[in-house]
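Residue strings, one per chain:
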Amino acid sequence: MYKLRPYQQEAVDSALNYFRKKRDPAVITLPTGAGKSLVIAQLAKIAKGRVLVLAHVKELVEQNHSKYISYELEAGIYSAGLGRKESNQKAIFGSVQSVARAPKEFFKDFTLLVIDECHRVAEEGESQYQTVISSLREQNPDLCVLGLTATPYRLGLGWIYEYSHEGELRSEKERFFKQCVYELPLSYMIKNKYLTTPVKVDIPVTSYDFSELTEKDRMYTVAEVEELLKNQKRLTPLIINNIIDITERYERQGVMIFSATVKHAKEILDYLPEGQARLVLGDTDIASRDRIIEEFKQRKFKYLVNVSVLTTGFDAPHVDVVAILRPTESVSLYQQIVGRGLRLDPGKKDCFVLDYTGMGHNIYSPEVADKKPNKESVQVLIPCPKCGHDNNFWGKLNLEGEIVEHYGRKCKGAALDLDTMEPMPCGFRFRFKLCHSCGKENDVSARECTSCKATLVDADSKLKQARLSKKAHVLRPDTVEYLERTDKNSKAFLEIRYYDCDAEYVSEFHFLNSASDLKKFNIDFLRSHLKRPEIDLTIKTPSDVITNQASFRAPTFIIARKQDKFWKVTEKIFSEELTSKRNLSTPGSY
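Below or above, wherever it landed, is the structure these notes cover.

Each helix and strand in the protein chain was counted, giving 15 helices and 31 strands. The buried share among the 590 residues of the protein chain stands at 52%. Long-range contacts, defined here as pairs at least 24 residues apart, represent 62% of the contacts in the protein chain between residues at least 6 apart. Carbon together with sulfur atoms contributes 48% to the accessible area of the protein chain, which is approximately 29,100 Å² in total. Side chains of the protein chain carry 87 positive and 81 negative charges; the gap between the two charge centres is 2 Å.

Structure below.
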């Protein structure tokens, strides 16, 4: 019989607690090697009805089923690829392709659906997963759907669920999976000796340059990758020699090489030691693939080259070198590749991760966030002044490592109502656009008020209209100067000059002599100019502004309009409000 590790029991308890109160689909995130089959086994054991466990490849179906029955539990398999279509047992392990085509009577009496590698589930449409879910819900509207994955995010989508049990909104957009009810970090597994320590080596000797692909935010085409590799063909033998040298010098036992294309894989194979390397491709027949994998596990050869086919459902514990020679367009793919080398094995102390791509993904803390505003941006923790949640935003640090600016817009924190299991978002906005009709705070890029539905003029339209107007002047500030002045009554006031690259400037003026003056200055200037808008600066005089000028940011554009003989600043537009790339890259004044 089996015994759950403490974190596995916590995962089971979290799922049970959630499904007692809600029936929305939920996720459990466990790293590769965390023993998800034990979690599945325990859930199936205590489930009142039948349990269906889905996977997308036959290797995972067989692997999950084998581990399940090794715990002295009975289960069936429904997979054409494995030549079995059993449907009477309490627990059924099936491939989504086969189950989607199963007869209607197959779907009776299931109370729990478990989806392995659930980040593959499409959000909508007629996918095979959605077909299975619909068929199950027809029989049981109260079906519990639980996803299991080590990588709960997808390229171009981000997080696959809306709310994390850690008290954070991962996505404000609707997702099929509503909550992550339990998450175990990879660092915990390594620290507690459940997984092998990865030793990452970036650019061990040289690397391919895939930088042209990194900004596309989509899957790369074979043609794009082939073209880049064609121009860098001389690097391949150097890289392979480096892999061989490291393998032999440190007496490594098993090496997995992840190549970019079929042509690339065959080139790699030519440079590896004869008789010590094999190749697995997408079109390698099943019998040959199974034989090659089994011989690799038996250590009959040392180097296994593959093209996009051994990232999941593959378990060879002796692998102690993972060499990445392909661009990894998504964080989840990168972590799946690294995970192939983290299983424990007798005598195995660590796993070398040799990254020859220069793409720099983080093994422990993946960057699943908004796109980087600029190359200098780093992830910074910003506490919310309303709820105290530590938000992970893009920002800038000074030479001392202090946070000087961040680009966060809205707090991601949310409290969980323990009675209903519904998240209650904090909602604090660091930066916002006020509705001219009802005064509601909206996102800076909003086109419509979330409260009264009034149309909000977007920044790109403002710029376009101003450029076409003879009575408007558009300036792109290059520098800002803060000056203390006095009027004819000897009252101090603040002049702020915005200079463009040709030293032309427009000014705005602020009196700070009364409470109403200070309130107006806060609304007209501080609210949008502060690099860290959550910080409460004490401003009472023009000299206070000048003293704190390093805390202020400049707008991307100033719109000034002619009033008599002078130009008056009427609108200031900041980079986060713009969507047009042309506006973000166009210098000068108009």
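Turning our eyes to something else, we now look at helix H5 (residues 128-139). Here H5 is twelve residues long and its end C-alpha atoms lie 17 Å apart, about the 16 Å a rise of 1.5 Å per residue gives. Of all the positions in H5, only Tyr129, Gln130, Val132, Ile133, Ser135 and Leu136 are classed as buried.

Inspection of every chain in the model, using the stated rule, returns 26 salt bridges. For Glu172, the salt bridge is made with Lys410, and the minimal N-O distance between the two is 3.1 Å. Of this pair, Glu172 sits in the loop between strand S11 (168-169) and strand S12 (177-183) while Lys410 sits in the loop between strand S21 (403-406) and strand S22 (414-417), placing them 238 residues apart in sequence. On the basis of relative accessible area, Lys410 is assigned to the partly exposed category, the value being 22%. In this structure, the salt-bridge partner of Asp443 is Arg409, at a minimum N-O distance of 2.8 Å. Here Arg409 lies in the loop between S21 and S22 and Asp443 lies in the loop between strand S25 (441-442) and helix H12 (459-468), a separation of 34 residues in the sequence. What emerges from the salt-bridge pattern is a single network uniting Lys58, Glu59, Arg289 and Asp290.

Considering the arrangement of structural elements, one finds Leu43 in helix H2 (residues 36-46). On the basis of relative accessibility, which here comes to 6%, the residue Leu43 falls in the buried class. Along the primary structure Leu43 and Val114 are separated by 71 residues, whereas in three dimensions their C-alpha atoms are 9.5 Å apart. Non-local contacts of Leu43, meaning those with residues more than four positions away in its chain, are made with Val12, Ala15, Leu16, Leu112 and Leu146.

Within the secondary structure, Leu342 sits in the loop between helix H11 (331-339) and strand S18 (350-355). Among all residues touching Leu342, those that are not within four sequence positions of it are Leu186, Leu195, Thr196, Pro198, Lys348 and Cys351.

A few words now on the pairing of strand S26 (residues 472-475). Going residue by residue along S26, you find Ala472 and Val474 tucked away on one face and His473 and Leu475 tucked away on the opposite face as well. Relative to strand S30 (residues 557-563), S26 runs antiparallel, the two being bridged by four bridges. If you follow Val474 over to S30, its bridge partner there is Ile559.

The next subject is the packing of aromatic side chains. Tallied over the entire structure, the rule returns 22 aromatic pairs. Residues Tyr482 and Phe525 carry aromatic rings whose centres are separated by 6.3 Å and whose planes lie at 85° to one another, so their mutual orientation is edge-to-face. In this pair, Tyr482 is assigned in strand S27 (residues 479-486) and Phe525 in helix H13 (residues 515-529), connecting sequence segments 43 residues apart. With a relative accessible area of 10%, Tyr482 lands in the buried category. Relative accessible area serves as the criterion here: at 0%, Phe525 is assigned to the buried category. Three or more aromatic residues link up through ring pairs in this structure, and these residues are Tyr78, Phe106, Phe107 and Phe110. A cation sits over an aromatic face here: Arg170 above Trp159, 4.1 Å from the ring centre.

Once that is clear, we can look at the sheet that holds strand S20 (residues 390-397). Taken in spatial order, the three strands line up as S19-S20-S21 in an open sheet, and their pairing is antiparallel. Of all the strands in the sheet, just strand S19 (378-383) and S21 have a single pairing partner and so form its edges. Averaged over all pairs of adjacent strands, the angle between their axes in this sheet comes to 60°, without regard to strand direction. Bridging between S19 and S20 involves six bridges; their strand directions are antiparallel. Its bridge partner being in S20, Ile382 is matched across the sheet by Asn391.

What follows deals with a positive patch on the surface. Residues Arg20, Lys21, Arg23 and Lys48 make up a contiguous surface patch of positive charge. With respect to the helices and strands, Lys48 occurs in the loop between H2 and strand S2 (50-55).

This next bit is on the sheet that holds S27. Taken together, three strands build an open sheet; the order of strands is S27-S28-S29 and the sheet is antiparallel. Pairing within the sheet leaves two strands with one partner each, and these edge strands are S27 and strand S29 (505-511). Taking the axes of each pair of neighbouring strands and ignoring which way they run, one obtains an average angle of 25° across the sheet. For strand S28 (residues 492-499) and S29, the ladder comprises seven bridges, and the chain directions are antiparallel. Residue pairing across strands places Glu495 opposite Phe509, the latter belonging to S29.

Here the focus is the side chain of Asn442. Along the chain, Asn442 falls in strand S25. Judged by relative accessible area, which is 0%, Asn442 ranks as buried. Separated by 3.0 Å, the side chain of Asn442 and the backbone oxygen of Lys440 make a polar contact. Look past the residues within four positions of Asn442 in its chain and what remains in contact with it is Arg429, Phe432, Lys433, Cys435, Glu448, Cys449, Thr450 and Leu456.

So, how was this worked out
- Every chain's residues receive numbers from 1 upward, in the order its sequence appears when written.
- Only residues with pLDDT of 70 or above have their local features reported here, since the model is predicted, and side-chain atom pairs are shown and tallied only from 80 upward, although totals for entire chains, interfaces and linings are computed over all residues.
- As a rule here, side-chain values cover all heavy atoms of the structure and leave hydrogens and water aside.
- The numbering of helices and of strands both runs from the N terminus, where a helix is a DSSP run of H or I of at least 4 residues and a strand a run of E of at least 2.
- A 1.4 Å probe rolled over the protein chains alone gives each residue an accessible area, and that area as a share of the maximum for its type sets the label: buried under 20%, exposed over 50%, partly exposed in between.
- Note on contacts: a residue pair qualifies if any of its non-hydrogen atoms lie within 4.5 Å across the two residues.
- Residue burial considers only the protein chains on display, and all accessible areas are found by Shrake-Rupley using a 1.4 Å probe.
- In this count, Lys and Arg are taken as positive residues and Asp and Glu as negative ones, while His and the chain termini are left out.
- Taken as the charge centre is NZ of Lys, CZ of Arg, CG of Asp or CD of Glu, depending on the residue.
- Residue count minus one, scaled by 1.5 Å, sets the expected span of a helix.
- Criterion for a salt bridge: a side-chain nitrogen of Lys or Arg within 4 Å of a carboxyl oxygen of Asp or Glu.
- Two strands are said to pair when DSSP picks up at least two bridges between them.
- Side-chain rings of Phe, Tyr and Trp, where Trp is taken by its six-membered ring, are said to pair if the distance between their centres is within 6.5 Å; with planes under 30 degrees apart they count as stacked, over 60 as edge-to-face, and otherwise as tilted.
- In this analysis the charged atom, NZ for Lys or CZ for Arg, is taken to sit over a ring once it is within 6 Å of the ring centre and within 35 degrees of the ring normal.
- To get an axis, a line is fitted to the C-alpha atoms, and for a helix only the part in contact is used. The angle between two axes follows their N-to-C directions and goes from 0 to 180 degrees.
- Nonpolar side chains (Val, Leu, Ile, Met, Phe, Trp, Tyr) are joined into patches within 5 Å and like charges within 9 Å, using only residues with over 30% relative accessible area and no salt bridge.
- Any pair of N or O atoms that falls within 3.5 Å is considered a polar contact. Within protein, one atom must be able to donate a hydrogen and the other to accept it, and sequence-neighbouring residues count only if both atoms are side-chain atoms.

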